Amino acid sequence: GVGRIPARLSRHAAGTMTFIRPGLWRLLRRALLLKCPHCGGGGIFESFFKLKAHCPTCGLRLERGEGDYFVGAYLFNLIAVELILFFCVCGFVYVTWPDPPWTVITYVTATLMLSGCMLCYPFSKTTWLAVDIAIRPLSPSFHSLSMRPLFSSLCSAGYSDPCCTSSTLRDD
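Everything quoted here is computed from the prediction, not taken from an experiment.

Draft legend 1. Broad picture of the environment of Leu60. Looking at the element boundaries, Leu60 is found in the loop between α1 (24-32) and α2 (71-96). Under the relative-accessibility criterion, Leu60 is labelled buried at 0%.

Draft legend 2. A look at α1. Among all positions of α1, only Leu27, Leu28, Arg30 and Ala31 are buried. An end-on view of α1 places all buried positions within 160° of arc, on one side of the element. Relative to its buried face, α1 has exposed residues pointing more than 90 degrees away, namely Trp25 and Leu32. Against the buried residues of α1 lie α3 (102-135). Backbone geometry just downstream of α1 places Leu34 in the positive-phi region, at approximately 60°.

Draft legend 3. Examining the nonpolar core more closely. Cys36, Ile44, Cys55 and Leu60 are the most contacted members of the largest nonpolar core, which totals 19 residues. For this core, the secondary structure elements donating two or more residues are α1 and α3. Once residues lying within four places of it in the same chain are set aside, the contact partners of Ile44 are Leu34, Lys35, Cys36, Leu51, Lys52, Cys55, Pro56, Leu62 and Thr126.

Draft legend 4. Structural detail: unusual backbone geometry. Omega for the peptide link from Trp97 to Pro98 comes to 20°, which places this bond in the cis form. By the secondary structure assignment, Pro98 is in the loop between α2 and α3. For Leu34, which is not a glycine, the phi torsion comes out positive at approximately 60°. Here Leu34 lies in the loop between α1 and α2. With a relative accessible area of 25%, Leu34 lands in the partly exposed category.

Draft legend 5. Structural view of the packing of aromatic side chains. Evaluation of the coordinates by the stated rule reveals five aromatic pairs. Seen in terms of ring centroids, Phe48 and Phe49 are 5.1 Å apart; in terms of plane orientation they differ by 90°. Their pairing is edge-to-face. Judged by relative accessible area, which is 42%, Phe49 ranks as partly exposed. Measuring from centroid to centroid gives 5.2 Å for Phe86 and Phe87, while their planes differ by 75°, and the two rings are edge-to-face. Residue classification places Phe86 among the partly exposed residues on the basis of a relative accessible area of 48%. Connected via pairs of aromatic rings, a cluster forms that spans Phe48, Phe49, Tyr74 and Tyr121. The residue whose ring lies beneath Lys125 is Phe70, and the NZ or CZ to ring-centre distance is 4.2 Å.

About the cut-offs
- Residues numbered from 1 in each chain as written.
- Predicted model: local features only at pLDDT ≥ 70, side-chain atom pairs only at ≥ 80, totals over all residues.
- Heavy atoms only, no water.
- Helix = DSSP H or I, 4+ residues; strand = E, 2+ residues; numbered from the N terminus.
- Buried < 20%, exposed > 50% of the residue type's maximum accessible area, 1.4 Å probe, protein only.
- Arc of directions from axis to C-beta.
- Contact = heavy atoms within 4.5 Å.
- Core = buried A, V, L, I, M, F, W, Y, C linked by side-chain atoms within 4.5 Å.
- Phe/Tyr/Trp six-rings, centres within 6.5 Å; stacked < 30°, edge-to-face > 60°.
- Lys NZ or Arg CZ within 6 Å of the ring centre and 35° of its normal.

Next up, the structure:
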């Protein structure tokens, strides 16, 4: 219910914070909706191509500060667009067989490849962030400095994940 801390939050004996990660499917669903993979909060993009530095809801650091962090997102984007295009072209060739229009397929494929990479770019960044959260455990260093006092007070009270309080947890 509203106004209470969910039962899944556990006390941490050492008084340091550990963050409970949402399940992989929830992380991916939130990412594909272009929301923060960790808390489900919206408004994480400054523009279509630029993530904000931190999630406005939970303070998760979205730009990890590692120069090559989003290389995986670029690769993921390229592979996803290539696979989508491959299956579309195969389906088109199947439907138009025995005389597929190869010239049309060539030009349309090139156009769709370039536009697809641009249109899928925000999804690849949030999806890559979700995969990273699923693999690499979160720590207070992944949250904004302005949010750390809140995290410290919750930690002192014995709760382990400030992003899962009833006011910020999304059940999407």
